[in-house]
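A structural walkthrough
Chain residues, written in single-letter form:
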Amino acid sequence: MPTIVIVGAGPGLGLSIGKVFGRNGFTVALIARDQAKLDALAAQLREHDIDAAGFAADIMDRPSLVDAFDRIKQRYGAIDVLEYSPAPHNPVPGITMTGPLEASVDNLQPQIDFYLHGAVTATQQVLTAMLDRGAGTLLYTTGASSVHPNPMMGNVGPAAAALRNWVLSLHQALAGTGVYAAHVPLNVWIGTGGPDTEPATIAELYWTLHAKRGDAEHLYTTPA
Ligand SMILES: NC(=O)c1ccc[n+]([C@@H]2O[C@H](COP(=O)([O-])OP(=O)(O)OC[C@H]3O[C@@H](n4cnc5c(N)ncnc54)[C@H](OP(=O)(O)O)[C@@H]3O)[C@@H](O)[C@H]2O)c1
């Protein structure tokens with residue numbers, strides 16, 4: 001069975017992506033910090049006959065993230081899809097949201113750890129094996145401020161933009177290898193504005209990207 005690892009798996013988008021890939025025959029490995037919450041999400045997926053399990057790790061603690069991937073590989077073997085979409089809905093030490101005037105090295109560094117360094121670390125755990133097999137999908141999610149600067153996201157945007165920049169160049173470097181990388185900036189507040197903002201709807205895009213591939217970036221926005 002192919003396996004997807006969802007890094008930053010919560011009850012919103014993470015769970016919905018798990019459902020979509022599980023419905024399409026994938027085993028689902030979930031990473032977030034709280035094992036009990038992950039166990040509850042995995043139980044929800046198993047109710048849909050999806051093989052799923054949680055592997056607790058903190059993306060700000062890179063050795064714990066590496067260890068979670070080691071445990072996933074021990075249990076499920078090869079990883080076919082990596083999806084990276086953490087969100088600090090629960091407090092993450094060091095993560096604060098500031099405007100551009102208040103941005104500082106001290107409040108930018110944790111944002112860069114959260115977006116860029118976490119994503120690079122997760123990717124390093126799967127990329128060599130994907131290149132050896134000549135197959136794999138790497139999907140990275142951010143908000144619209146990664147593309148369109150927004151003063152409300154004065155220190156989040158630059159870090160998410162750094163992740164975006166790396167993914168877009170990764171996409172180019174992977175051409176012809178069989179491994180596909182794409183960035184998905186979401187220009188919506190999830191679950192707050194009708195069916196197109198529902199995580200279940202948004203998650204379908206991730207399956208389409210994996211199945212059909214295509215461009216380096218897919219901005220998700222709701223119809224006007
Ligand atoms: N929600 C929105 O309106 C919105 C808008 C635009 C873009 N997005 C993007 O959508 C994605 C998130 O979707 P969602 O909002 O529905 O969230 P979700 O999938 O429901 O949950 C994300 C999960 O990330 C986990 N997380 C946070 N910090 C972590 C850490 N340090 N290490 C490991 N895991 C961590 C949290 O679990 P723990 O706290 O248990 O670790 C949280 O449950 C993100 O890529 C975000 O940029 C969201």
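Residues numbered from 1 in each chain as written. Predicted model: local features only at pLDDT ≥ 70, side-chain atom pairs only at ≥ 80, totals over all residues. Heavy atoms only, no water.

Under an unreviewed UniProt entry, the name given to the protein chain is Short subunit dehydrogenase, and the source organism is Nonomuraea polychroma.

**Some thoughts on the overall build of the protein chain**
Filter applied, for reference: Only DSSP runs of H or I with at least four residues qualify as helices, and only runs of E with at least two residues qualify as strands; both kinds are numbered from the N terminus onward. Restricting the calculation to C-alpha atoms gives the radius of gyration, and the globule rule supplies 2.2 Å times the number of residues raised to the power 0.38. The rule is simple: take the accessible area with a 1.4 Å probe, protein chains only, and divide by the maximum for that residue type; under 20% is buried, over 50% is exposed, in between is partly exposed. The contact criterion used is simple: two residues touch if any of their non-hydrogen atoms lie within 4.5 Å. Charged residues are defined here as Lys and Arg on the positive side and Asp and Glu on the negative side; His and the ends of the chain fall outside this count. Think of each charge as sitting on NZ of Lys, CZ of Arg, CG of Asp or CD of Glu.
When you go through the protein chain residue by residue, the secondary structure sums to 7 helices and 7 strands. Taken from N to C terminus, the helices and strands of the protein chain fall in the order β-α-β-α-β-α-β-α-α-β-α-β-α-β. For a compact globule of 224 residues, the expected C-alpha radius of gyration is about 17 Å, and the protein chain comes in at 16 Å, within 12% of that figure. On the principal axes, the C-alpha backbone points of the protein chain span a range of 50 × 40 × 40 Å. Relative to its full complement of 224 residues, the protein chain shows a buried share of 48%. For the protein chain, restricting intrachain contacts to residue pairs at least 6 apart in sequence, the fraction spanning at least 24 positions comes to 71%. Each charge sign in the protein chain was given a centre, from 13 positive and 20 negative side chains, and these centres are 4 Å apart.

**Observations regarding a nonpolar patch on the surface**
Defined as follows: Residues forming no salt bridge and having over 30% relative accessible area are the ones grouped into patches, like charges within 9 Å of each other and nonpolar side chains (Val, Leu, Ile, Met, Phe, Trp, Tyr) within 5 Å. Per-residue and other accessible areas follow the Shrake-Rupley method at a 1.4 Å probe size, with only the shown protein chains counted as cover for residues. Here, a salt bridge means any Lys or Arg side-chain nitrogen found within 4 Å of an Asp or Glu carboxyl oxygen.
On the surface, a nonpolar cluster with roughly 400 Å² of combined accessible area is contributed by Met 97, Met 152 and Trp 189. Looking at where Met 152 falls in the secondary structure, it is placed in the loop between β5 (136-143) and α6 (156-173). Taking relative accessible area as the criterion, Met 152 reaches 51% and is therefore assigned exposed.

**A short note on the sheet that holds β5**
Note the following rule: Following DSSP output, two strands are said to pair if at least two bridges run between them. Fitted lines through C-alpha atoms serve as axes, helices being fitted only where they are in contact, and the angles separating the N-to-C directions of these axes extend from 0 to 180 degrees.
On the basis of which strands lie adjacent, the open sheet formed by 7 strands has the order β3-β2-β1-β4-β5-β6-β7 and parallel pairing. Looking at strand neighbours, the two that pair on one side only are β3 (52-54) and β7 (220-221), the edges of this open sheet. Bridging between β5 and strand β6 (residues 179-187) involves 8 bridges; their strand directions are parallel. The residue bridging Gly 136 from the neighbouring strand is Val 179, located in β6. Along the sheet face, helix α3 (residues 62-76) touches β1 (3-7), β2 (27-31), β3 and β4 (81-84) and points at about 160° away from the line of β2.

**Concerning the packing of aromatic side chains**
Put simply, the rule is: Ring geometry is summarised as follows: Phe, Tyr and Trp rings, the Trp one being its six-membered ring, pair when their centres sit within 6.5 Å, and such pairs are stacked at plane angles under 30 degrees, edge-to-face over 60 and tilted between the two.
One pass over the structure, following the stated rule, counts 6 aromatic pairs. When the centroid spacing of 5.8 Å and the interplanar angle of 85° are considered together, the rings of Phe 26 and Trp 207 count as edge-to-face. Separated by 181 residues along the polypeptide, Phe 26 in the loop between α1 (13-23) and β2 and Trp 207 in helix α7 (residues 199-212) bring together distant segments of the chain. In this pair, the class of Phe 26 matches that of Trp 207, namely buried. Every member of this aromatic cluster is reached through a ring pair, and the members are Phe 21, Phe 26 and Trp 207.

**Brief notes about helix α2 (residues 35-46)**
The condition is simple: Expected helix span is computed as 1.5 Å times (number of residues minus one). This arc describes the spread of directions from the helix axis toward the C-beta atoms. A 3.5 Å cut-off defines polar contacts: any pair of N or O atoms within that distance qualifies, except that in protein one atom must be a possible hydrogen donor and the other a possible acceptor, and neighbouring residues in sequence count only when both atoms are side-chain atoms.
When the terminal C-alpha atoms of α2 are compared, their 16 Å separation across 12 residues agrees well with the 16 Å that a helix rising 1.5 Å per residue should span. Among the residues making up α2, those that are buried are Leu 38, Leu 41, Ala 42 and Leu 45. Considered in projection along α2, the buried side chains sweep an arc of 100° and stay on one side of the axis. Its buried side turned inward, α2 meets α1, β2 and β3. With a side-chain oxygen lying 2.9 Å from the backbone nitrogen of Ala 36, the N-terminal cap of α2 falls on Asp 34.

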